[in-house]
Structures are given as structure tokens and as C-alpha cells.
Amino acid sequence: MAGKGTPATALLVKQKITHKLHAYEHDPRHESYGGEAAEILGLDPARVFKTLVAEVDGKLTVGVVPVTGSLDLKALAAAVGGKKARMADATAAQRATGYVRGGISPLGQRSRLPVVIDSSVSQYDTVHCSAGRRGLEMELAPEDLIRLTNATVAPIAAA
């Protein structure tokens with residue numbers, strides 16, 4: 001499995017996006033997928049972003065926030081013009097994105113879902129997020145992540 005690409009990595013290559021892949025051995029006992037990546041790869045956790053799927057007014061929506069915080073569901077709803085948000089069912093998230101929990105990438109999802117990325121993304125030259133598999137992170141410029149996901153950038157992370 002380690003040498004196989006993912007829809008996210010295929011998109012990066014197809015779009016000729018400068019990026020780096022960082023692989024590590026995922027420990028299924030670890031409580032935080034993003035926290036585990038930051039810890040094992042020796043990364044600043046504020047630069048490692050997790051991809052979360054929520055339902056905003058019944059419509060699946062992706063929130064991308066630093067692993068150091070959590071997703072502010074009210075802020076996510078407001079960012080997409082909605083009223084009410086809740087975390088999506090894991091099965092629905094996996095079905096819509098084509099990725100497994102803990103390996104959901106904001107790129108290369110099966111269904112094109114609205115994406116909102118926390119505004120803290122803009123303070124870094126590069127950020128890390130799942131490349132579409134547990135144990136595989138991609139590093140790329142925030143502006144490339146924003147452009148490829150057609151994301152809205154808004155303050156959606158809670159401490």
C-alpha cells in the first residue's frame with residue numbers, strides 16, 4: 001500500500017503542483033490522526049490541518065482546520081451561508097469523499113463538496129494535510145490547497 005498513489009496525489013501530479021509527500025507508519029491506537037502525523041513527522045501541529053466533514057443545513061460540507069484546535073460548527077455554517085451544522089456521520093463522509101476516516105483528504109474527493117479552510121492557513125509558506133490515506137501527509141502551499149479545493153477561507157477553528 002505504501003507505494004500506491006491516491007486521488008489526492010494524482011490530482012497534485014496532474015495539476016503540476018509543487019508538493020512533498022511524507023509517509024509514516026500509522027498506529028491504530030493513536031487517538032488523533034493529525035496529532036499523530038505531527039508528532040511522528042516532527043511537524044509544527046499548527047501547520048498540520050485535519051479534514052472534517054460536517055452537515056450544514058443537511059448538505060455535506062468540508063472544514064479544514066489545524067490539528068491544534070477543533071471545528072467551530074457555527075462558524076462553518078456561517079462561512080457557507082447556512083444556519084445549522086453538525087458533524088457528519090462517518091459512513092456518509094467516507095461514501096461522499098471516497099476516503100476512510102483518518103485519511104480524508106481535502107483533495108480528490110469522490111463528490112465535489114464545498115470546502116472551508118481556516119484562515120490561519122494563510123500564515124504559512126506550506127501546510128500539511130492528509131494525502132488520502134492514514135499514514136500519508138502532503139505538504140503544499142496554502143494558495144494551491146485553496147485553489148484546488150475552490151475553498152472559502154474563514155475563521156472556522158476553535159481553540
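Residues numbered from 1 in each chain as written. Predicted model: local features only at pLDDT ≥ 70, side-chain atom pairs only at ≥ 80, totals over all residues. Heavy atoms only, no water.

1. Re the side chain of Thr-9
With respect to the element layout, Thr-9 can be found in helix H1 (residues 7–14). The buried category is assigned to Thr-9, whose relative accessible area is 8%. If we skip the residues at most four places from it in the chain, Thr-9 touches Leu-21, Ala-131 and Leu-136. (Helix = DSSP H or I, 4+ residues; strand = E, 2+ residues; numbered from the N terminus. Buried < 20%, exposed > 50% of the residue type's maximum accessible area, 1.4 Å probe, protein only. Contact = heavy atoms within 4.5 Å.)

2. Regarding helix H4 (residues 90–97)
Where H4 is concerned, the buried positions are Ala-93, Ala-96 and Thr-97. Buried residues in H4, looked at end-on, bunch into an arc of 85 degrees, giving them a common side. Summarising the contacts, the buried residues of H4 are in contact with strand S2 (48–56) and strand S3 (59–66). The N-terminus of H4 is capped by Asp-89, whose side-chain oxygen sits 3.1 Å from the backbone nitrogen of Thr-91. In the segment just after H4, Gly-98 is the residue with positive phi, at about 85 degrees. (Arc of directions from axis to C-beta. Polar contact = N/O pair within 3.5 Å; in protein donor to acceptor, adjacent residues only side chain to side chain.)

3. Here's the deal with the layout of surface pockets
Estimated volume of the largest pocket: approximately 550 Å³. As for the largest pocket, its lining consists of 28 residues, of which Tyr-33, Thr-51, Leu-52, Arg-101 and Gly-102 are closest to the centre. Among the elements of the structure, helix H2 (33–41), S2, strand S4 (70–71), H4, strand S7 (127–133) and strand S8 (136–140) are those that each provide at least two residues to the lining of the largest pocket. For the lining of the largest pocket, the element with the highest residue contribution is S2, accounting for five residues. Classifying every residue of the lining of the largest pocket gives 12 nonpolar, 10 polar and six charged. By volume, the second largest pocket amounts to about 160 Å³. The residue makeup of the lining of the second largest pocket, split by class, is seven nonpolar, five polar and two charged. (1 Å grid on protein atoms, 1.4 Å probe; cavity = no way out; pocket = protein on both sides within 12 Å on 5 of 7 lines; lining within 4 Å. Points joined across faces, edges and corners; volume = space filled by probe spheres on them. Nonpolar A, V, L, I, M, F, W, Y, C, P; charged D, E, K, R; others polar.)

4. Digging into the pairing of strand S6 (residues 115–118)
Along S6, one buried face is formed by Val-115 and Ile-117 and the opposite face, lined by Val-116 and Asp-118, is buried too. Sheet topology note: the S3/S6 ladder contains three bridges and is parallel. For Val-62, the partnering residue across the bridge sits in S6 and is Val-115. Pairing geometry for S6 and strand S9 (residues 152–154), over three bridges, is parallel. Note that in S9 the partner of Ile-117 across the bridge is Val-153. (Pairing = 2+ DSSP bridges.)

5. Quick notes on the nonpolar core
Buried together is how nonpolar side chains tend to be arranged in soluble globular proteins. Residues Leu-12, Val-53, Leu-107, Ile-117, Met-138, Leu-140 and Leu-145 are the most contacted members of the largest nonpolar core, which totals 29 residues. Within the residue set of this core, elements represented by two or more residues are H1, S2, S3, H4, S6, S7, S8 and helix H5 (142–149). With residues up to four places along the chain from it excluded, the contact list for Leu-140 reads Leu-12, Ile-17, Thr-18, His-19, Leu-107, Asp-125, Thr-126, Val-127, Cys-129 and Leu-145. By size, the runner-up hydrophobic cluster in this structure holds 11 residues, among which are Ala-54, Leu-71, Ala-75 and Ala-85. (Core = buried A, V, L, I, M, F, W, Y, C linked by side-chain atoms within 4.5 Å.)

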